[in-house]
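If you want the building blocks of each chain, they are given just below.
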Amino acid sequence: LLVAMATVVMEQIGRLFINAQQLRQIPQLLESAFPTLPCTVKISDVPRVFRERHILTGYRQTDQSWRYYFLTLFQRHNETLNVWTHLLAALIILVKCQEISETVDFLRDPHAQPLFIVLLAAFTYLSFSALAHLLSSKSELSYYTFYFLDYVGVSVYQYGSALAHYYYAIEKEWHSSVQGFFLHTAAFLAWLTCFGCCYGKYARHDLPKFAHKLLQVVPSALAYCLDISPVVHRIYSCYWEGCSDPIVSYHVYHVIFFLISAYFFCCPHPESLLPGKCDFFGQGHQIFHVLVVVCTLIQIEALRTDFTERRPLYERLHGDIAHDAVALFIFTTCCCALTAFYVRNRVRASLYEKKE
């Protein structure tokens, strides 16, 4: 009996040893599946266009294969958090879209189309942003190409938000004041944002810093003031009249988170106070990413509830304008894409002349 027990124990120990050996091989298997990537480099080792103020290390090497840049999704560098925050958020938007589509007929219900547009626009800007931060380090042309694509996504989201706010969140009084110009002006300002950001990025080394910021921030600020006006008017009316609409608090949080995120977008804090200490974690742009994701998710939840609970109001206010609004969305998207393509061609010609 003792011999049999000893044999069983030795067999179990042998199995454990084999399992331990297999576990020790896992890192080697992962390393063969994901080859060791080149180390990140310092700011002095990358061309001027890739350098970010107060970020001293963690840059990826340029002129590598596309496979390398896709694999850096799993590498620690100074863009890792910027990629993952918006990539995960884009996946959350897809899940929300699937969840909402179970109870909402986006195809046959014209009043649901603005809700679909804001979901599509949110997914677009988050995906394009993740691509820009992941792939822009390959070359100077790639840098401009992917960030111009990012600006197209931002502009599309601006118009999508404006449409959804105008359609679902607006009050009757504000609607009567802005209905003649709101959507067309929102579309123009979305295009102006795209142009300002693309041209500002293209010419930033030839412009004073304040001019670069003006080109990128002023059009976006003007667009935001118009796009958010239905929500601000509704919040003001609610608190002035003492209403108890619980969705208004969602809109309040949406505005607050956006304003805080805008601060971190415009001001490079805390890295400007701690140069070199926030190269991988804690950059202002990373904080901006997290805040703007929270802002977007709150906004979508508020608009989803408004879509359900305010239907009698917006059906009466808007009638059958949904199809026209969708057409204007497509037109705005095309204008922004063509603008980004035009400025990219200017960049390519400039880079070619530089090489010559």
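Residues numbered from 1 in each chain as written. Predicted model: local features only at pLDDT ≥ 70, side-chain atom pairs only at ≥ 80, totals over all residues. Heavy atoms only, no water.

Draft legend 1. A look at the side chain of Asp-279. Tracing the backbone shows Asp-279 in the loop between helix 10 (246-266) and helix 11 (284-309). Of the buried charged residues, Asp-279 lacks a salt bridge, with Arg-76 as the closest side chain of opposite charge at 8.4 Å. Polar contacts involving the side chain of Asp-279 include one to the side chain of Thr-57, which spans 2.6 Å. Beyond its immediate sequence surroundings of up to four residues, Asp-279 is in contact with His-54, Ile-55, Leu-56, Thr-57 and Asn-78. (Helix = DSSP H or I, 4+ residues; strand = E, 2+ residues; numbered from the N terminus. Buried < 20%, exposed > 50% of the residue type's maximum accessible area, 1.4 Å probe, protein only. Lys, Arg positive; Asp, Glu negative; His and termini not counted. Salt bridge = Lys/Arg side-chain N within 4 Å of Asp/Glu carboxyl O. Polar contact = N/O pair within 3.5 Å; in protein donor to acceptor, adjacent residues only side chain to side chain. Contact = heavy atoms within 4.5 Å.)

Draft legend 2. Broad picture of the environment of Arg-204. Tracing the sequence through the fold places Arg-204 in the loop between helix 7 (182-202) and helix 8 (209-227). It is 9.4 Å that separates the C-alpha atoms of Arg-204 and Val-49, two residues lying 155 residues apart in sequence. In this structure, Arg-204 is in contact with Val-49, Arg-51, Tyr-143 and His-212, ignoring residues within four places of it in sequence.

Draft legend 3. Spatial organisation of the packing of helix 3 (residues 80-101) against helix 11. Where helix 3 meets helix 11, the axes come as close as 9 Å, and the angle between the chain directions of the two elements is 10°. Our classification of the angle between helix 3 and helix 11 gives roughly parallel. Of helix 11, the residues touching helix 3 (which contributes Leu-81, Asn-82, Thr-85, His-86, Ala-89, Ile-92, Ile-93, Lys-96, Glu-99 and Ile-100) are His-285, Gln-286, His-289, Val-290, Val-292, Val-293, Thr-296, Leu-297, Ile-300, Glu-301 and Arg-304. Tallied by class, residues from the contact of helix 3 with helix 11 come to 10 nonpolar, 7 polar and 4 charged. (Axes fitted to C-alpha atoms, helices over the stretch in contact; angles between N-to-C directions. Parallel < 35°, antiparallel > 145°, perpendicular 65-115°, else oblique. Nonpolar A, V, L, I, M, F, W, Y, C, P; charged D, E, K, R; others polar.)

Draft legend 4. Inspection of the confidence of the model for the protein at higher detail. Residue-level pLDDT values for the protein average 90, and 90% of them are 70 or greater. Averaged pLDDT values over the elements of the protein bottom out at 53 in helix 1 (residues 2-33) and peak at 98 in helix 4 (residues 113-135). (pLDDT = per-residue confidence, 0-100.)

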